[in-house]
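For reference, the chains in residue letters:
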Amino acid sequence: MSRGRAYDLVMASVLDDRQIEQYQRDGFLVIEGFVDRSACDDLKAAANQIVAEFEPTGQRTIFTTNEQERASNAEFLASGSAIWCFFEEEAFDADGTLRTKKELSINKIGHAMHDLNPMFEKFSYRPELAGVAADIGLVDALALQSMYIFKQPLIGGEVGCHQDSTFLYTEPMTVTGFWFAIEDATLQNGCLWAKPGGHRTSLRKLFKRAGTTDDDGTLFEELDASPLPSPSELVPLEVSAGTMIILNGLLPHWSDINRSEKSRHAYSLHSISAASDYPEWNWLQRPPDMPLRSLAGVSA
Ligand code: FE2
């Protein structure tokens, strides 16, 4: 992993002391109106364009379950340096045919749009976001992973309670999520829920590459068997489009299934500090010719 720069950037402060204290206390911070509605609309249009141009592989019907799993895993592992559309679990019937329109079957796009798509790049490398990262103590923040989550009407799946550091890990732990509501997120369409103060806890599991190649797949390693909080301990974060929520990588959070007729589009960008170690068993690995870039828009 590339490290730091030979000089320091002086970053404009974006958050006030009260917000920084709140983030440190709760493990998350809600910032309303962080991005303009027009920027949300532009990002939504870019996401829809990616889906429109995405050709589902025609091979799903001929795979056995095991081959299917191995192929999906390889697609997933390669997506750390690519743009890939992931389908909802129930999108295909037994014959491998889409049950509904492709546009309504995609669960998310991942995981390198911020470096490969100009509109996502513009949205992600905004100076005020680099300022926020600096304010919360993320030293030399790098943009690691982007996800555009559709949370489709009626079928948008639940995301079980988890800690993001399970999936992206550094030593010490610096993973920080910047979650943007691209559409209003409500109780009905599956807003985020979080456990205030829940970041002052242990990391329960690690998600790791099982070997050195994409074909080797992945595994979970348990670190601490104590359960994550139950839904009754979490608070809902209902927010309007344009809101940004910062999430500490250790914070347990969850989002419900979308049972409403409205989608709940969100964009999530994960960042790590260039001053931390990024183990090689992390699922997301960039090839040498595509190094991570500083959130401040300067090559690391
Ligand atoms: Fe998450």
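Residues numbered from 1 in each chain as written. Predicted model: local features only at pLDDT ≥ 70, side-chain atom pairs only at ≥ 80, totals over all residues. Heavy atoms only, no water.

A negative phi angle characterises most non-glycine residues, just as the trans form characterises most peptide bonds. A cis amide bond links G110 with the next residue in sequence, H111, at an omega value of -5 degrees. With respect to the helices, strands and loops of the structure, H111 is situated in strand 3 (residues 106–111). E171 connects to P172 through a cis peptide bond whose omega is -10 degrees. Mapped onto the elements, P172 comes out in the loop between strand 5 (159–162) and strand 6 (176–181). The backbone of D140 sits at a positive phi, close to 50 degrees, despite the residue not being glycine. The residue D140 is located in the loop between helix 6 (127–135) and strand 4 (141–149) in this model. Even without a glycine there, the phi angle at K151 is positive, about 45 degrees. As for its placement among the helices and strands, K151 is situated in the loop between strand 4 and strand 5. Residue K151 is classed as buried on the basis of its relative accessible area of 3%. (Helix = DSSP H or I, 4+ residues; strand = E, 2+ residues; numbered from the N terminus. Buried < 20%, exposed > 50% of the residue type's maximum accessible area, 1.4 Å probe, protein only.)

Attention shifts here to the coordination of the iron ion. Protein coordination of the iron ion is provided by H162 (NE2), D164 (OD) and H253 (NE2), with donor distances spanning 2.2 Å. Each donor residue of the iron ion belongs to the same chain, and together they define the spacing H-x1-D-x88-H. A residue pair is termed long-range when its members are at least 10 positions apart, and H162 in strand 5 and H253 in strand 12 (residues 253–255) qualify at 91 residues. Taking the relative accessible area as the measure of exposure, H253 reaches 4% and is therefore buried. (Donors = N, O, S within 2.8 Å, 3.2 Å for Na, K, Ca; no water.)

What follows deals with the pairing of strand 8 (residues 205–209). Within a regular strand, the side chains alternate between the two sheet faces. Here strand 8 lies mainly inside the structure; four of its five residues are buried. Taken together, the five bridges between strand 8 and strand 9 (residues 218–222) define a ladder with antiparallel strand orientation. Within strand 9, the position partnered with F207 by the bridge is F220. (Pairing = 2+ DSSP bridges.)

We now examine the packing of aromatic side chains. What the rule picks out here adds up to 17 aromatic pairs. Ring geometry for F76 and F207: centres 6.1 Å apart, planes at 70 degrees, overall edge-to-face. You can see F76 sitting in helix 3 (residues 65–78) and its partner F207 sitting in strand 8, a full 131 residues away along the chain. Look at F76 and you get buried, because its relative accessible area is 17%. A residue is classified by how much of its surface remains accessible, and F207, at 9% relative accessible area, is buried. Counting every residue linked through ring pairs, the aromatic cluster contains F34, F120, F123, Y148, F150, F180 and Y267. Taking the ring centre of F220 as reference, the NZ or CZ of K205 above it sits at 4.7 Å. (Phe/Tyr/Trp six-rings, centres within 6.5 Å; stacked < 30°, edge-to-face > 60°. Lys NZ or Arg CZ within 6 Å of the ring centre and 35° of its normal.)

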